[in-house]
Amino acid sequence: MTALLAELAGETNKSALLDLGCGTGSFLAQAAASGFSRTCGIDASPKMVETAQNTAPEAELQVGNFAHLPWPAASFDNVTTMEAIYYCPEPLAALKEVARVLKTGGRFDLVIDYYQDSSGTSSWPEGLGFEITSLSATQWVDLLAQAGLEKISNRRIIRPQQEADPASWKPSVWFPTEDSYLAYLEDGALWLTGYLPSSVPNQ
Ligand SMILES: C[S@@+](CC[C@H](N)C(=O)[O-])C[C@H]1O[C@@H](n2cnc3c(N)ncnc32)[C@H](O)[C@@H]1O
């Protein structure tokens, strides 16, 4: 969130932003504070949406599934999603919805800790007790392109040293071995950015 907010702070056109899987709403509150004039969010959990409404009172929130977005086409300059899209069993449907609700030239940012190249997170489905979407960085890039996005970049966010304290590791369902925790820190979060083309290419 911190890295993404810092980058979006440099955007010149901070008008409408949608956050998918907004959780407690903390990103939406910070996006509003950084100058976005319209902030919207969607989450499958009514309880999360209730919490988010308290955290980000100015945000327009919906309970729903990000594979079916209840907003008209071309509504947003920015769409973001953090640590949420792998819960969606139909990620391409969700990404096509992202492309539908973005304005031309609009920007999409996706950040996830759980992806196939991050070996340290491989036991997360076992911890959760259900299957989640496991794709490599390359497969996610392909899906963004299939959804109609362009200029796709693929980066990693490595946690700052002071937060990534290997001495704090204790065995858990998330990181059963110290090696798995170290691999998770080393691989970092996957951060993809893509844009809706400004004009539709000739068929
Ligand atoms: C790990 S939380 C992340 C929340 C927030 N983005 C953050 O980074 O703190 C994942 C969120 O995605 C929501 N979620 C999971 N599947 C969803 C779906 N198909 N449609 C909408 N929200 C979903 C969950 O309810 C949860 O609030």
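Residues numbered from 1 in each chain as written. Predicted model: local features only at pLDDT ≥ 70, side-chain atom pairs only at ≥ 80, totals over all residues. Heavy atoms only, no water.

By the naming in an unreviewed UniProt entry, the protein chain goes by Putative methyltransferase YcgJ and is assigned to Acaryochloris thomasi RCC1774.

**Student:** Explain the pairing of strand β5 (residues 102-112) here, please?
**Tutor:** Each regular strand shows side chains that alternate between the opposite faces of the sheet. Counting buried positions along β5 gives eight out of 11 residues, so the element sits mostly inside the fold. As paired strands, strand β4 (residues 76-82) and β5 are joined by six bridges and run parallel to one another. Bridge pairing in β5 links Thr81 to Leu110. Relative to strand β7 (residues 189-195), β5 runs antiparallel, the two being bridged by six bridges. The partner of Phe108 across the bridge, within β7, is Gly194. (Buried < 20%, exposed > 50% of the residue type's maximum accessible area, 1.4 Å probe, protein only. Helix = DSSP H or I, 4+ residues; strand = E, 2+ residues; numbered from the N terminus. Pairing = 2+ DSSP bridges.)

**Student:** Looking at this structure, how should I read the UniProt feature "domain: Methyltransferase type" (unreviewed entry) in the protein chain?
**Tutor:** The feature "domain: Methyltransferase type" (unreviewed entry), as annotated in UniProt, sits at residues 18-108 in this numbering. For residues 18-108, helix accounts for 32% and strand for 30%, while the C-alpha atoms at its two ends are 10 Å apart. (UniProt positions renumbered as here; feature names shortened; annotations may be inferred.)

**Student:** I'm lost on the sheet that holds strand β3 (residues 60-63) in this one. Help?
**Tutor:** Two modes of strand pairing occur in sheets, parallel and antiparallel, and in both the strands are linked by backbone hydrogen bonds. Reading across the sheet, the seven strands line up as β3-β2-β1-β4-β5-β7-β6 and stay open at both edges, with mixed pairing between neighbours. Single-partner strands in this sheet number two, and they are β3 and β6 (150-157). Across this sheet, the average inter-strand angle for adjacent strands is 15°, counted without regard to direction. Sheet topology note: the strand β1 (residues 16-20)/β4 ladder contains four bridges and is parallel. Across the sheet, residue Asp19 finds its bridge partner in β4, namely Thr80. Along the sheet, helix α3 (residues 46-55) makes contact with β2 (38-43) and β3, crossing β3 at roughly 170°. (Axes fitted to C-alpha atoms, helices over the stretch in contact; angles between N-to-C directions. Contact = heavy atoms within 4.5 Å.)

**Student:** When you look at the packing of aromatic side chains in this model, what are you seeing that I'm missing?
**Tutor:** Two aromatic rings, taken as a pair, are described by how far apart their centres are and by the angle between their planes. Per the counting criterion, the structure on display carries 11 aromatic pairs. Here Trp124 and Trp174 contribute two aromatic rings whose centre-to-centre distance is 6.3 Å and whose plane-to-plane angle is 85°, an arrangement assigned as edge-to-face. One end of the pair, Trp124, is in helix α5 (residues 124-128); the other, Trp174, is in the loop between β6 and α7 (178-187), with 50 residues separating them in the sequence. Accessibility expressed as a relative area gives 10% for Trp124, which makes it buried. Given a relative accessible area of 34%, Trp174 falls into the partly exposed group. Sitting over the face of the ring of Tyr195, Lys151 holds its NZ or CZ atom 5.7 Å from the ring centroid. Against the face of Trp191 rests Arg155, its NZ or CZ located 3.8 Å from the ring centre. (Phe/Tyr/Trp six-rings, centres within 6.5 Å; stacked < 30°, edge-to-face > 60°. Lys NZ or Arg CZ within 6 Å of the ring centre and 35° of its normal.)

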